[in-house]
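# Coordinates in review
Listed below, chain by chain, are the residues.
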Amino acid sequence: MDDPDELAPAVRSILSAAHERAGSGPGERVSVSPRDLDAAFERAEADGRVPLIAEVKPTSPTTEGTREDDPVALAERMVAGGAAALSVLTEPDHFGGSVDTLERVRDAVDVPVLRKDFVVDEAQLDAVESDVVLLIARFVEDDLADLLAAARDRGFQVLVEVHDREELERAVDAGAATVGVNNRDLAELVVDLGTFESVARHVPDEVTLIAESGIGSPADARRMRAAGADALLVGSAIMDGDVEANTRELVRAEADGDADDEDHRDTTEHPT
Ligand SMILES: O=C(O)c1ccccc1NCC(=O)[C@H](O)[C@H](O)COP(=O)(O)O
């Protein structure tokens, strides 16, 4: 991992908690029969929905307060709103997540579920079954290929998260099939959608590409899709208010955007 002093204090704290949890898992190796993430994205596309991973994110270092609603009820409403897949935070100390929450959510829905946590050690993979696990290139550095193999051996699909071109190259070299470009700089916790736009153009076509973080509106969703996102991962903007309506607004971003464009064209081409 790079110099911890370069990371935001909250991220240093998240990582040190992750290292403390590493190796203290149940010890039993999990074996997963995953729900297919790419197939879920394809179903959404065929249905005219923007492929969206909606995140159950009770709190975070950059969110005020904690959302106390039942996470299973939230997850079910996200699926009702058209989410192709879900992300569930399992980090307990900074995001209000738990492996128990993930298990309950996964039992309640039929879409793929991503385990969102800060995995730095193989034993952490055995904490709970999910369809997809996250590996953050910045935090696992030279262990990326080994952790990717260890996750796949257990049946997981793997989302490898990157933030810049160097991390993208490491992810591709390690054999990542699904890459997420995080618009949130974990050194400073600043969000810039331009990050995705600059990194996305270097991603090989065969890689499934996900735009992560800072997507707050249908216009942002269209911007990420125009830059090449196969799917979007959204937490805060969905958790802020009515999660079903918020999810629906994002999955309809292209359909509604096209309709808006059509209205606009009609007015300008056929003035009354
Ligand atoms: O969200 C945070 O505050 C955060 C802080 C430190 C490390 C990671 C953090 N977020 C993790 C995530 O990956 C996001 O929850 C996810 O990409 C969704 O982002 P958003 O839509 O901006 O909530």
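Residues numbered from 1 in each chain as written. Predicted model: local features only at pLDDT ≥ 70, side-chain atom pairs only at ≥ 80, totals over all residues. Heavy atoms only, no water.

### Things to note about empty space enclosed by the protein
This structure, assessed with the given rule, holds 1 cavity of 30 Å³ or more. Volume-wise, the largest cavity comes out at about 50 Å³. Around the largest cavity sit Ile136, Arg138, Glu161, Val162, His163, Glu167, Asn182, Arg184 and Leu186, which together line it. Of the residues that constitute the lining of the largest cavity, the class distribution is 3 nonpolar, 2 polar and 4 charged. (1 Å grid on protein atoms, 1.4 Å probe; cavity = no way out; pocket = protein on both sides within 12 Å on 5 of 7 lines; lining within 4 Å. Points joined across faces, edges and corners; volume = space filled by probe spheres on them. Nonpolar A, V, L, I, M, F, W, Y, C, P; charged D, E, K, R; others polar.)

### Quick word on the environment of isoleucine 14
By the element assignment, isoleucine 14 lies in helix H1 (residues 9-21). Residue contacts for isoleucine 14: discarding those within four places in its chain leaves Pro61, Glu91, His94, Phe95 and Phe118. (Helix = DSSP H or I, 4+ residues; strand = E, 2+ residues; numbered from the N terminus. Contact = heavy atoms within 4.5 Å.)

### Points about the UniProt feature "domain: Indole-3-glycerol phosphate synthase" (unreviewed entry) in the protein
If you check UniProt for "domain: Indole-3-glycerol phosphate synthase" (unreviewed entry), the listed places come out as residues 30-250 in our numbering. Spanning residues 30-250, this segment combines 38% helix with 19% strand, and its end C-alpha atoms are found 34 Å apart. (UniProt positions renumbered as here; feature names shortened; annotations may be inferred.)

### A closer look at the packing of helix H3 (residues 71-80) against helix H12 (residues 243-251)
Relative orientation of the contacting elements H3 and H12 amounts to 30°, with a least axis distance of 8 Å. When the axes of H3 and H12 are compared, the pair comes out roughly parallel. Read as a crossing pair, H3 and H12 show a hand that is right-handed. Facing Leu74, Arg77, Met78 and Ala80 of H3, the residues of H12 in contact are Val243, Glu244, Thr247 and Arg248. A per-class count over the contact of H3 with H12 returns 4 nonpolar, 1 polar and 3 charged. (Axes fitted to C-alpha atoms, helices over the stretch in contact; angles between N-to-C directions. Parallel < 35°, antiparallel > 145°, perpendicular 65-115°, else oblique. Left-handed = near helix turned anticlockwise from the far one by under 90°.)

### Thoughts on the confidence of the model for the protein
The predicted model of the protein has a mean per-residue pLDDT of 92, with 91% of residues at 70 or higher. Counting interchain partners and residues more than four positions distant, the pLDDT-below-50 stretch residues 266-272 has 1 contact. For this predicted complex, the interface confidence score (ipTM) comes to 0.98, while the overall pTM stands at 0.93. (pLDDT = per-residue confidence, 0-100.)

### Thoughts on the pattern of salt bridges
Counted by the stated rule, this structure contains 18 salt bridges. In this structure, aspartate 100 engages arginine 104 in a salt bridge whose closest nitrogen and oxygen atoms are separated by 3.5 Å. A residue pair is termed a helical-turn pair when its members lie 3 or 4 positions apart in one helix, as aspartate 100 and arginine 104 do in helix H5 (residues 99-108) at 4 residues. In this structure aspartate 100 comes out as partly exposed when scored by relative accessible area, which is 42%. A salt bridge links arginine 252 to aspartate 256, with the nearest nitrogen and oxygen atoms 2.8 Å apart. Judged by its relative accessible area of 39%, arginine 252 falls in the partly exposed class. It is possible to trace a salt-bridge network through shared partners that takes in Glu45, Arg225 and Glu254. (Salt bridge = Lys/Arg side-chain N within 4 Å of Asp/Glu carboxyl O. Buried < 20%, exposed > 50% of the residue type's maximum accessible area, 1.4 Å probe, protein only.)

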